[in-house]
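What the coordinates show
Here is how the chains run, residue by residue.
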Amino acid sequence: MVDCHAMRESMPQLLTESLDQGRRELAHQHIESCPACTAEWNAYRETWTLLGALPEVEVPARVRERFLAELAPAAAVDNVVPFRRRVATKWVAQAAAVALVVGTSFYAGHRSRGVEITPTKATVERMPAYSIAENRVLPASALSPDIQGRPNIHNVQFVDPDASDNKIGLAFDVTSHVTVTGSPTDRSMIRLLAYVLENENSDVSPSRTRAIEWVKQTYSDPQNADPEIASALAKVLRNDSHTGVRISAVDTLKTLPGSVSADTKAALIDALKSDPNPAVRIKAVEALANIARSGATMDAATLDTLRQKAAQDDENLYVRLKAGEVLSSIRPQ
Amino acid sequence: MKHLSDQELMRIVQAGDYSPASEIYDRYSARIYNFAFRFLKNAEAAEDAMQEVFVKMMKHANQFQGDAKLSTWLFSITANWCRDYLRKADNKAKEAEDVLVTLPAPGELSPERNLEKREDEQRVQRALQALTPEQREAILLSRYQGLSYAEIAQIAGCSEGAVKTRVFRAMETLKKALTSEASGGNQWSTVMR
Amino acid sequence: MMVRRLTFALIVLLAYAMPALAEVRSVKRTTREYPMYLGGTFVVENAAGDVEVLGSDDPKAVIVMEKTVRATDNDALEDGVQQTIVRVLGDEKLREVQTVLPAIHSDKWTSAVKFMIKVPRTVHVKIISLSATRIHVANIRGNVSVKSFDGSVLLDGVTGASIVDTANGNVIFNAPAVNLSNAQLSSVNGTVEVHAPANASFQWVGETIKGEALTTFPARVTFLGTRFRGGVNAPGGPTITTQSLTGNVAVLQNGVPMSQVKRLQRPDTFDPAPFGPPLRRVVQTIRQQIVQGTFEVSTRIGNVAVGEIRGNARVTTGAGEVQLGSVFGNCHVTSLGGPLNIGDVLGAITARTEAGDVLVQAARNGGTITTGGGTIRLLYTGGDTRLQSGGGDIIVRQAAGPINAETQSGDITIAVDGGLKTEKVTAKTAKGNVMLNVAPAFGADIDATVITSDPDVNNIVADIPSLQVRREEIGGKTKIRATGKLNGGGDRVELYAEDGSIQINTHAGAPVTVITR
């Protein structure tokens, strides 16, 4: 004879399947044979299911910032290469110190001075012509992936010093001209790239579009696939006021392999829904088609947007047909 | 850093290098935050809890024992913080003020369903707040974090038997609160399996 | 009939597909009865499984549900049975039946709940289905609304107003002999068919983008764009709307064989398209390897792909991708939407799309390339070329002819052929940067203007010491203008960028990267 009270006490464990096989079977046998426990068991399961109604709450981004800021309060000095050094790489700190010293004389020391024709400020500058000796080359592996503060990065260039070694390089001006080299999968490299892509104020010279295309070349390789890059591009797609840049971002997202985060998918849906440029909408729907073809499920909101697009009278026909095509290849969640 | 285990990351921290901070944060922030938020039903307090828990994790990394689970350790710091918070009398008054945070409901749902879903959420929130802090802690860790009774016992600093009783009592209370409300009035619900 | 056959085929397919996964199966049938007001609303929300709602004279709802769970083993089966929950909510006025499945669950089991429901015929019925083979509503006088993703939706003898909206499903509406109400039937990828008795009279409004509009009634319709409107039998009466994006829409008279079906012709400019006989889908892609002589095609919807055209090309599409390899003569391509990918054009090119990217490998004699929105990439041009984008970058990798490029928002990058001593270049962007690469010996009269609200970031960057620069404030913005002669002067080079920078590069071999795919 099984004690009904003891049985009920173990019902929560039965729900979480944490009872061992023997006790589990015994419990089920009892529940099936005892009407009172059957009713109780049903009520337990219903309660358990209802508890699932509580949604997951998103952690506000400021919490992360606050935490990281507290860990390194000293690092947020303006215009300093804001990478915290690792214990083992003291020379990086020395390089940074040098950078700080030369920082104020950056234009004088590292670039030919702008040609001043009028009495106003220099507005025409010589093209930067750096010699290797003037560059500070830092391996990405020696840097912390956490970029602190919001450094102003200028003159970003992508370099591939040795095409055969599977390493990439990112050169830019902060206070001196810095080149960071490393594997495309190095976390510091990825963070730095993501920062460059997302940072609206950074004047990615000569062209942000080209920066994104460079990312496309590097990260379309499944070996280098990284969700952080995709998420940086998704932010560009959401926020950039520059149409050419958004087109490049969504075009690149389309080609990135690997799984797509909910955030990236949401950015694509938003672009499809409301981007004013039809080319962005076309590429967004094509990117969604790729995701659908890869077997990913789509949630109800995504399906609704696609249905609305397919039926939207004043939308470009090509976008509508593509939306219909995505719907036909989708597996609902 | 993604490829490193929790234990490996903590070893780096223990050596005085904080560079794994963001990785550890990314791994656990959502779970810890949701636990604290549901425990305290106060977003501001949950944010404070996060700050203290993660900073403590970094600064007192040496207290972490290499063979333990990092999640258990983090939950136990969080649970301690939350219990302390509730113990302070002036915090209790604030408890119920916080607005229930809900995610936007999917567009597929009808307005009736949306409304119903929100009502469900609010009922669950209310029911959870009706539990004792110990019961709430136990049910949150069991139902939403999927922890075993042994892990919960470690976090709560009690025996497994006590956890079992707490979860059971919590479920009894929740069952009454949720199912009696469900059949109250002329609205009712039947579940068929 | 065809739809039935299709349904049958699907069932057979599923029956064959399932055993690979399902080793064990549980089928449980339950019946429940609930009181129901005659004017109440009955809602069914089902994640997977067929739904049938029939009107009856009893003042109650009788719900028969059949829950089927298939799994790879007994544990998974148990899991599936437990996690597939049917809830009945509400009261006599608003009764709601819903299946609840966890958002994420083990792929070791699948479940479906089939509902057979009888309700008082006067109630309003609302069905929301995520996945089903068939949704059937019959004999209802209240309003009916069905929203589904796939499977067929069959409405039989519904005299209340009805709305059906499905993504991939087919819709069949069997109109009642009397008391017909308004019906709005739409599918994205399925067909929409209305079957009506010979004497039925109603207004027919229809639209299909990629499919065909068909009828066996003596209907006369007028088109307005892609939509048409017409009367069936006597004028007036309720309105039945049939819409599909890619499928056919049809209004068919009961008892009249399909062999008598007529296709409604849309009198539009692009219509010499190779339409097939009725009920055959429109050709998806017009594909050819080599065309001897002139190639002319005009299609309302469809892609065009031709490897080589040994004459002139004239392609027009309402929506679709156009891909042409080499064109020996002139090339004229127009698309109302879709990317254009054009190879080596020996004659003059005119390429225009309302939306989408344009890639042209070579325009030997120049021409005009336009997109309403999208990136334009031109790898080589040998003649006077005009490029325009409503928003998107413009990239010309090797310009051996005069260039006039303009975009509403985007960067313009132009590299002038290294062998040229001078060339006329005009590049204007209303938002973005302009980059011009020329050879060290290139001569030009340069006039470059930047208008910016952030003069710290945007500037004119050039390695030309002789440029005269002026700055002035205009309406809160800074205008920077640089003029002067490069290498003693030459053709006019006019560059203009708002909210961006201008960069003129006279380095030898400065690379312009063009990624074509």
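Residues numbered from 1 in each chain as written. Chains lettered and ligands numbered in written order. Predicted model: local features only at pLDDT ≥ 70, side-chain atom pairs only at ≥ 80, totals over all residues.

This paragraph deals with the overall build of chain C. Across its full length, chain C carries two helices and 45 strands. Counting only residues that meet the buried cut, chain C has 47% of its 517 residues in that class. Considering only contacts in chain C between residues 6 or more positions apart, those separated by 24 or more positions represent 44%. (Helix = DSSP H or I, 4+ residues; strand = E, 2+ residues; numbered from the N terminus. Buried ≥ 20, exposed ≤ 12 C-beta atoms within 10 Å, placed from the backbone. Contact = placed C-beta atoms within 7 Å.)

Once that is clear, we can look at the overall build of chain B. From N to C terminus, chain B includes nine helices and one strand. Ordered by position from N to C terminus, the α and β elements of chain B give α-α-α-α-α-α-α-α-α-β. For chain B, buried positions account for 36% of its 193 residues. Here the contacts in chain B between residues at least 6 apart in sequence split such that 60% fall between residues at least 24 apart.

Residues and elements named next belong to chain C. Reading across from one edge, β1-β4-β7-β3-β9-β11-β13-β15-β21-β17-β22 is the order of the 11 strands in this open sheet, with mixed pairing throughout. The open sheet has two edge strands, β1 (24-35) and β22 (262-263), and neither has a second partner. Inspection of the sheet shows strand β17 (residues 213-215) paired to strand β21 (residues 249-253) by three bridges, in the parallel sense. Note that in β21 the partner of L214 across the bridge is A250. Lying over the sheet, helix α2 (residues 74-83) contacts β1, β4 (60-71) and β7 (109-120), oriented at roughly 155 degrees with respect to β4. (Pairing = 2+ DSSP bridges. Axes fitted to C-alpha atoms, helices over the stretch in contact; angles between N-to-C directions.)

Residue and element names in this part refer to chain C. For V119, the location among the structural elements is in strand β7. In sequence terms V119 and S56 are 63 residues apart; their C-alpha atoms lie 5.9 Å from each other. Non-local contacts of V119, meaning those with residues more than four positions away in its chain, are made with M36, F42, V53, G55, A61 and V125.

All names here are of chain B. Here helix α2 (residues 21-40) crosses helix α7 (residues 133-144) at 140 degrees, and the two axes come no closer than 10 Å. Considering only the axes of α2 and α7, their crossing is right-handed. Between α2, through N34, F35, R38 and F39, and α7, the contact on the second element is made entirely by R136, E137, L140 and Y144. In the contact of α2 with α7, the residues fall into four nonpolar, one polar and three charged. (Left-handed = near helix turned anticlockwise from the far one by under 90°. Nonpolar A, V, L, I, M, F, W, Y, C, P; charged D, E, K, R; others polar.)

Residues and elements named next belong to chain C. Across the sheet, which stays open at both edges, the 12 strands sit in the order β24-β26-β28-β30-β32-β34-β36-β38-β44-β40-β43-β42 with mixed pairing between neighbours. Of all strands in the sheet, those bounded by a partner on one side alone are β24 (295-299) and β42 (468-474). For this sheet, the mean angle separating the axes of adjacent strands, direction not counted, is 5 degrees. Pairing analysis gives seven bridges linking β42 to strand β43 (residues 477-486), with the strands arranged antiparallel. Of the residues in β43, the one forming a bridge with E473 is T478.

Moving on, we come to the confidence of the model for chain B. All names here are of chain B. With 78% of its residues at a pLDDT of 70 or more, chain B shows a mean pLDDT of 77. Note on residues 92-111: pLDDT is under 50 here. Beyond four places in sequence and across chains, it has 31 contacts. A low-confidence stretch, residues 181-190 stays under pLDDT 50, and its non-local contacts, those more than four residues away or across chains, total 13 contacts. (pLDDT = per-residue confidence, 0-100.)

Attention shifts here to the interface of chain A and chain B. The accessible area lost on association of the parts is a frequent measure of interface size. In this assembly, 35 residues from chain A lie in contact with 46 residues from chain B. Those elements that provide at least two residues to the side of chain A that touches chain B are α4 (35-51), α5 (61-71), β4 (143-147) and α14 (300-311) of chain A. Among the residues making up the side of chain A that touches chain B, the classes are represented as 19 nonpolar, five polar and 11 charged.

Another point: helix α1 (residues 6-14) of chain B. All names here are of chain B. If you check which residues of α1 are buried, you get D6, M10 and I12. Buried residues of α1 fall within an arc of 155 degrees about the axis and therefore sit on the same side. In the core, the buried residues of α1 are packed alongside α4 (70-87). Positive backbone phi, at 100 degrees, marks G16, one or two positions downstream of α1. (Arc of directions from axis to C-beta.)

Listed by partner, the interface residues are 40 residues for chain A and 56 residues for chain C. For the side of chain A that touches chain C, the element with the highest residue contribution is helix α15 (residues 317-328) of chain A, accounting for eight residues. When the residues that make up the side of chain A that touches chain C are grouped by side-chain class, the tally is 18 nonpolar, 14 polar and eight charged.

What follows deals with the nonpolar core. All names here are of chain A. L193, L197, I229, L233, L253 and L288 are the most contacted members of the largest nonpolar core, which has 69 residues in total. Here this core takes 10 residues from helix α13 (residues 278-293), the largest share from any one element. With residues near it in sequence (within four places) discarded, L193 still touches L170, V215 and I229. (Core = buried A, V, L, I, M, F, W, Y, C linked by C-beta atoms within 7 Å.)

Moving on: the pairing of β43(C). On any regular strand, side chains alternate: one points to one face of the sheet, the next to the other face. Residue and element names in this part refer to chain C. Where strand β40 (residues 444-452) meets β43, nine bridges bridge the pair, whose relative direction is antiparallel. Along β43, the bridge assignment pairs A444 with L486. Linking β42 to β43, which pair antiparallel, is a turn of two residues; within it G475 sits at a positive phi near 50 degrees.

The next thing to look at is the pairing of strand β15 (residues 192-196) of chain C. Residue and element names in this part refer to chain C. Of all five residues in β15, four are buried, a share of seventy percent or more. Across four bridges, strand β13 (residues 171-174) lies against β15 in parallel orientation. For V171, the partnering residue across the bridge sits in β15 and is V192. The pairing of β15 with β21 spans five bridges and is classified as parallel. In the strand pairing of β21, V192 is matched with V249.

This part takes up unusual backbone geometry. Residues and elements named next belong to chain C. Despite not being glycine, N139 shows a phi value in the positive range, around 65 degrees. You can see N139 is positioned in the loop between β9 (134-138) and β10 (144-148). Despite not being glycine, N487 shows a phi value in the positive range, around 50 degrees. Position of N487 relative to the elements: it lies in the loop between β43 and β44 (491-498). A tally of 17 C-beta atoms within 10 Å means that N487 is categorised as partly exposed.

Okay, the packing of helix α11 (residues 243-255) of chain A against α13(A) next. Residue and element names in this part refer to chain A. It is the contact of α11 with α13, at a shortest axis distance of 9 Å, that shows an interaxial angle of 15 degrees. Considered as vectors, α11 and α13 are oriented roughly parallel to each other. With respect to the hand of their crossing, α11 and α13 are arranged in left-handed fashion. Residue-level contacts link R246, I247, V250, D251, L253 and K254 of α11 to A279, V280, K283, A284, E286, A287 and N290 of α13. Its residues placed into classes, the contact of α11 with α13 shows seven nonpolar, one polar and five charged. (Parallel < 35°, antiparallel > 145°, perpendicular 65-115°, else oblique.)

Residues and elements named next belong to chain B. Structurally, the position occupied by E23 is in helix α2. Remark: the alpha-carbon pair of E23 and D6, spanning 17 residues in sequence, is separated by 9.4 Å. For E23, the residues in contact, after removing those within four places along its chain, are M1, K2 and L9.

It is worth spelling out α13(A) at this point. Under the 1.5 Å per step criterion, the end-to-end length of α13(A) is 22 Å for 16 residues, consistent within 8% with the ideal 22 Å. Trailing α13(A) by a residue or two, G295(A) shows a phi angle of about 95 degrees, which is positive. (Expected span 1.5 Å × (residues − 1).)

Let us look at the environment of Y28(B). All names here are of chain B. Locating Y28 in the fold gives a position in helix α2. Once the C-alpha coordinates of Y28 and F54 are considered, the two residues, 26 residues apart in sequence, prove to be 9.5 Å apart. Beyond its immediate sequence surroundings of up to four residues, Y28 is in contact with S71 and L74.

Below, the discussion takes up the confidence of the model for chain C. Residue and element names in this part refer to chain C. When pLDDT is averaged along chain C, the result is 86, and 90% of the positions lie at 70 or above. The low-confidence segment residues 1-22 (pLDDT under 50) makes 13 contacts with residues lying over four places distant or belonging to another chain. This model gives residues 269-283 a pLDDT under 50, and the stretch forms 22 contacts once residues within four places in sequence are excluded. As scored by the predictor, the complex reaches a pTM of 0.60 and an ipTM of 0.80.

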